[in-house]
Amino acid sequence: MKVGGTFRDAIEIFKALFDFSSAGILVYQGEDTVYVNPAMAELEGYPLEERRRMKFWETVHPDFREAVRRRAEARQRGEAVPARNELKIIRKNGEQRWVTSSAGTFILDGRPAVILILQDITGLKHAEEALKKSQYILAKAQQIAHVGNWAWNLKTGAMNWSEEVYRIFGYGPGEVKPTYEWVLSRVHPEDRAIMMGFAEDVAMLRRCSVDYRVLRPDGSIRYVNSVADKIIKGKSGEPERAYGINQDITERKKAEEALIAAEGRGRAIRGPHGPRYKQHEPDHHGLPRISP
């Protein structure tokens, strides 16, 4: 845009518009600061007059400073530059803050000038980092425990899985787009009736838990426990979404089968008339010796 009148007139217009803005606003030409509003000085922690004497980029964190200067030069040459960016600034007391930067070019006293608007997003960044950390911790915990969570759209059949559910089925996260029909195709043929019964229970708004086998792409078989923990009804009263967890229980199932097999061998050894072994005198370790 063009601002008519003298440089002093333009500055007065800016002051009238921006002095009471809660956003940090700064105007620069070349690298010189020509206007700073009180909110910008407060954001950066400098007295207003001191900030006006500084280059516009002096508060930018060193990690971002060179890129900011390059964009400023290009913008004033009339080149296309992204209008919005995220970067860090350093306040006078050394504190670092995250901000969003929005910029636009206009003509002031016959030369290009840039208006820069900063918004403090430090709290949002900290919240994002905390969320990422908690998501990472949850993902690692699920991976260690072989437990994953899922959401199921009962109208479309589409499912959303956590990363560990993909691994339980033998796929990388996001490698397939799971639906109820797709899951049913991966269930062992002998257990598909179990999965269909699970779906019927969910449709009847019943929380339920089932064990079944799945066929992985490499041909291996895993035992899975699925729990439908929460079922959401729509306005019509019909179930719309279900939420739950899957757990790989293969090792537990193998241990149970081994125990059953061991008990079966024990019964075979004992026979109907008691044990078929001889107990001898203790050996030199003091332990009884057992033989068939």
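Residues numbered from 1 in each chain as written. Predicted model: local features only at pLDDT ≥ 70, side-chain atom pairs only at ≥ 80, totals over all residues. Heavy atoms only, no water.

A. A look at the sheet that holds strand β9 (residues 221–233). Pairing is antiparallel across the open sheet formed by five strands, whose spatial order is β7-β6-β10-β9-β8. Strands with a single pairing partner mark the edges of an open sheet, and in this sheet they are β7 (159–161) and β8 (208–215). The mean angle between the axes of side-by-side strands here comes to 25°, regardless of whether they run parallel or antiparallel. As judged from the nine bridges shared by β9 and strand β10 (residues 239–248), these two strands associate in the antiparallel manner. Across the sheet, the residue bridging to Ile232 is Arg241, located in β10. Against the sheet, helix α8 (residues 192–203) touches β6 (147–153), β8, β9 and β10, its axis set at about 145° to β8. (Pairing = 2+ DSSP bridges. Helix = DSSP H or I, 4+ residues; strand = E, 2+ residues; numbered from the N terminus. Axes fitted to C-alpha atoms, helices over the stretch in contact; angles between N-to-C directions. Contact = heavy atoms within 4.5 Å.)

B. Main features of the sheet that holds strand β3 (residues 84–90). Reading across from one edge, β2-β1-β5-β4-β3 is the order of the five strands in this open sheet, with antiparallel pairing throughout. Strand pairing shows two members of the sheet lacking a second neighbour, β2 (32–36) and β3, which therefore form its edges. Shown here is a sheet whose adjacent strand axes are inclined to one another by a mean of 35°, direction ignored. Against the sheet, helix α4 (residues 62–76) touches β1 (24–29), β3, β4 (96–108) and β5 (111–120), its axis set at about 135° to β3.

C. The arrangement of the pattern of salt bridges in detail. For the structure shown, the criterion picks out 23 salt bridges. Where Arg69 meets Glu31, a salt bridge forms, and the shortest distance between an N and an O atom there is 2.8 Å. Of this pair, Arg69 sits in helix α4 while Glu31 sits in the loop between β1 and β2, and the two are 38 residues apart along the sequence. Given the relative accessible area of 24%, Arg69 is considered partly exposed. Put simply, Glu256 and Arg252 hold a salt bridge, and the shortest N to O gap is 3.5 Å. With Glu256 and Arg252 both in helix α9 (residues 250–270) and four residues apart, the pair spans about one turn of that helix. For Glu256, a relative accessible area of 34% corresponds to the partly exposed category. In the salt-bridge network here, residues are joined through shared partners; they are Arg91, Glu95, Arg97 and Asp120. (Salt bridge = Lys/Arg side-chain N within 4 Å of Asp/Glu carboxyl O. Buried < 20%, exposed > 50% of the residue type's maximum accessible area, 1.4 Å probe, protein only.)

D. Structural detail: the packing of aromatic side chains. Under the criterion given, the structure shown has 10 aromatic pairs. Arranged with centres 6.4 Å apart and planes meeting at 65°, the rings of Trp150 and Trp152 form a pair that is edge-to-face. Assigned by exposure class, Trp150 and Trp152 land together as buried. Measuring from ring centre to ring centre gives 5.4 Å for Trp152 and Tyr180, while their planes differ by 15°; the resulting arrangement is stacked. Taken together, the residues span a long stretch of sequence, with Trp152 in strand β6 and Tyr180 in helix α7 (residues 180–186) at a distance of 28 residues. (Phe/Tyr/Trp six-rings, centres within 6.5 Å; stacked < 30°, edge-to-face > 60°.)

E. Here's a closer look at α4. Across its 15 residues, α4 extends 22 Å between first and last C-alpha, which sits within 8% of the 21 Å expected from 1.5 Å per residue. When we look at burial in α4, the residues that qualify are Val68, Ala72, Ala74, Arg75 and Gln76. Structurally, α4 contributes buried residues whose contacts are with β1, β3, β4 and β5. Phi turns positive, to about 90°, at Gly78, one or two residues after α4. (Expected span 1.5 Å × (residues − 1).)

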